[in-house]
Amino acid sequence: AGSTNFTQIEIANTAKSWKQALCFEDLRQYWLSTQLDPSAFGETLPFEQVIADQMVQETRKYAESLLADQMISQLTVANGAVAGPTGAFTSANAYDKAIAIIDALPLDVANRDDLMMFMSYANFRYLQTSIVGKNLFHYTTGQTTGTGLGQSIIIPGTNVKAVPVGGLGASSKVYCGPAKHIIVVTGLVDDQDRIDAWWSKDNQEMRMLSKFSMGLGAIASEFVYAPGA
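All of these numbers come straight from a predicted model, not from anything done at the bench. (Residues numbered from 1 in each chain as written. Predicted model: local features only at pLDDT ≥ 70, side-chain atom pairs only at ≥ 80, totals over all residues. Heavy atoms only, no water.)

Q: How would you sum up the packing of aromatic side chains? Please name residues and give values.
A: Under the defined criterion, the tally for this structure stands at 2 aromatic pairs. Taking the centre distance of 5.9 Å and the plane angle of 75 degrees together, the rings of Tyr 62 and Phe 212 count as edge-to-face. Pair noted here: Tyr 62 is in helix H2 (residues 48–74) and Phe 212 is in strand S9 (residues 205–218), with a separation of 150 residues, a long-range link. Seen from their ring centres, Tyr 175 and Tyr 225 are 5.5 Å apart, and the 25 degrees between their planes marks the pair as stacked. One end of the pair, Tyr 175, is in strand S6 (residues 174–178); the other, Tyr 225, is in strand S10 (residues 224–226), and 50 residues separate them in sequence. (Phe/Tyr/Trp six-rings, centres within 6.5 Å; stacked < 30°, edge-to-face > 60°. Helix = DSSP H or I, 4+ residues; strand = E, 2+ residues; numbered from the N terminus.)

As structure tokens, then:
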């Protein structure tokens, strides 16, 4: 005897974009003029690869901020998330706060292998400092991996990976739960790889466009929400 419960969550997959225009005549007033085509009708932008790479990086940051906004709106106590401890992370208490958040996890998910704790970069640095202050930095599983986007750290003595989320900005909010129960959707052919740049003859400027669609949904009842300060 038994039963299986299916949980359905709604995900709004919305189109997002950001645009930029570079006027060559404006650029000629600065040192970049030495790199521009001497013709008054130049159509070549110098340092194309550097500028393109920057646009890709900014698009990633923009996408992360959108995901963080949706995480904040969905992972709330009102939506069923477990209430975590209050109070802001500091370099002295961050590790203890993280353990208290983990202790508040629902028993149904406590033994999962995909548990993550999402926080701002400021809280992530506090956590690292707190771990060192407690002499826990020597744990092999407590070493930081990655830099910039992609950093993470296994909280010593637990099976939870702490991940900084740039999109949370200066927020002191912290979320903990199974990563596989946060669902992110995009379009099949219009994700963040669709970045275009072209010379606009009528406007006499280089224009760039990044466009993609994205949405997030989460099973809030399997997460802990700690409001922070």
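So that's the structure; there's more coming.
Q: Give a detailed account of the side chain of Glu 205, specifying residues and quantitative values.
A: Examined against the element boundaries, Glu 205 turns out to sit in strand S9. Using a relative accessible area of 14% as the deciding quantity, one classes Glu 205 as buried. Within the structure, Glu 205 has its side chain in polar contact with the side chain of Arg 207 (distance 2.7 Å). Setting aside its immediate chain neighbours within four residues, Glu 205 contacts Ala 21, Leu 22, Cys 23, Trp 198, Trp 199 and Ser 200. (Buried < 20%, exposed > 50% of the residue type's maximum accessible area, 1.4 Å probe, protein only. Polar contact = N/O pair within 3.5 Å; in protein donor to acceptor, adjacent residues only side chain to side chain. Contact = heavy atoms within 4.5 Å.)

Q: So, the sheet that holds strand S5 (residues 161–164): which residues are in play, and what are the values?
A: What the 6 strands build is an open sheet, ordered S2-S10-S6-S3-S5-S4; its pairing is mixed. In this open sheet, the two strands that pair with only one neighbour each are strand S2 (82–83) and strand S4 (153–154). The pairing of strand S3 (residues 115–119) with S6 spans 4 bridges and is classified as antiparallel. Paired with Phe 118 across the strands is Tyr 175, a residue of S6. (Pairing = 2+ DSSP bridges.)

Q: How would you summarise H2 if you had to cite specific residues and measurements?
A: With 27 residues, H2 extends 39 Å from end C-alpha to end C-alpha; this agrees with the ideal 39 Å at 1.5 Å per step. Taken residue by residue, H2 has Met 55, Thr 59, Ala 63, Glu 64, Leu 66, Ala 68, Gln 70, Met 71 and Gln 74 as its buried positions. (Expected span 1.5 Å × (residues − 1).)

Q: A description of helix H4 (residues 121–133) should follow, citing residues and the corresponding values.
A: Taking 1.5 Å of rise per residue, 13 residues should cover 18 Å, and H4 covers 18 Å from first to last C-alpha, within 8% of that figure. Of the positions making up H4, those classed as buried are Tyr 121, Asn 123, Phe 124, Leu 127, Ser 130 and Ile 131. For H4, the secondary structure elements touched by its buried residues are helix H3 (94–103), S3, S4, S5 and S6. Remark: Asn 135 follows H4 within two positions and exhibits a positive phi of approximately 60 degrees.

Q: How would you summarise unusual backbone geometry if you had to cite specific residues and measurements?
A: A positive phi is found at Gln 204, a non-glycine position, where the angle reads about 55 degrees. Assignment of secondary structure puts Gln 204 in the loop between strand S8 (195–200) and S9. Residue Gln 204 is classed as partly exposed on the basis of its relative accessible area, which comes to 29%.

Q: Help me get a handle on the environment of Met 71, residues and values and all.
A: Mapping Met 71 onto the fold places it in helix H2. For the pair Met 71 and Ala 218, spaced 147 residues apart in sequence, the C-alpha separation works out to 7.7 Å.

Q: Which residues make up the pattern of salt bridges, and what are the values?
A: A side chain with one charge may pair with a side chain of the opposite charge, provided their charged atoms come close. In this structure the tally under the stated criterion is 4 salt bridges. With its nearest N and O atoms 3.7 Å apart, the salt bridge here joins Glu 58 to Lys 61. Here the residue Glu 58 and the residue Lys 61 both occupy positions in helix H2, the gap between them amounting to 3 residues, near one helical turn. A residue is classified by how much of its surface remains accessible, and Lys 61, at 43% relative accessible area, is partly exposed. Here Arg 112 ties to Asp 114 by a salt bridge, and the two come within 2.9 Å at their closest N and O atoms. (Salt bridge = Lys/Arg side-chain N within 4 Å of Asp/Glu carboxyl O.)

Q: Quick rundown of the nonpolar core? Include the residues and the values.
A: Counting residues in hydrophobic clusters, the biggest one holds 23 residues, and the most contacted among them are Ile 101, Met 117, Met 119, Leu 127 and Ile 155. In terms of residues, this core owes the most to one element, H3, which gives 5 residues. Residue contacts for Met 117: discarding those within four places in its chain leaves Ala 98, Ile 101, Ile 102, Ile 155, Val 160, Lys 161, Ala 162, Val 163, Val 174, Tyr 175 and Cys 176. Grouped together as the second largest cluster of nonpolar side chains are 15 residues, Leu 75, Ala 81, Tyr 175 and Leu 216 included. (Core = buried A, V, L, I, M, F, W, Y, C linked by side-chain atoms within 4.5 Å.)

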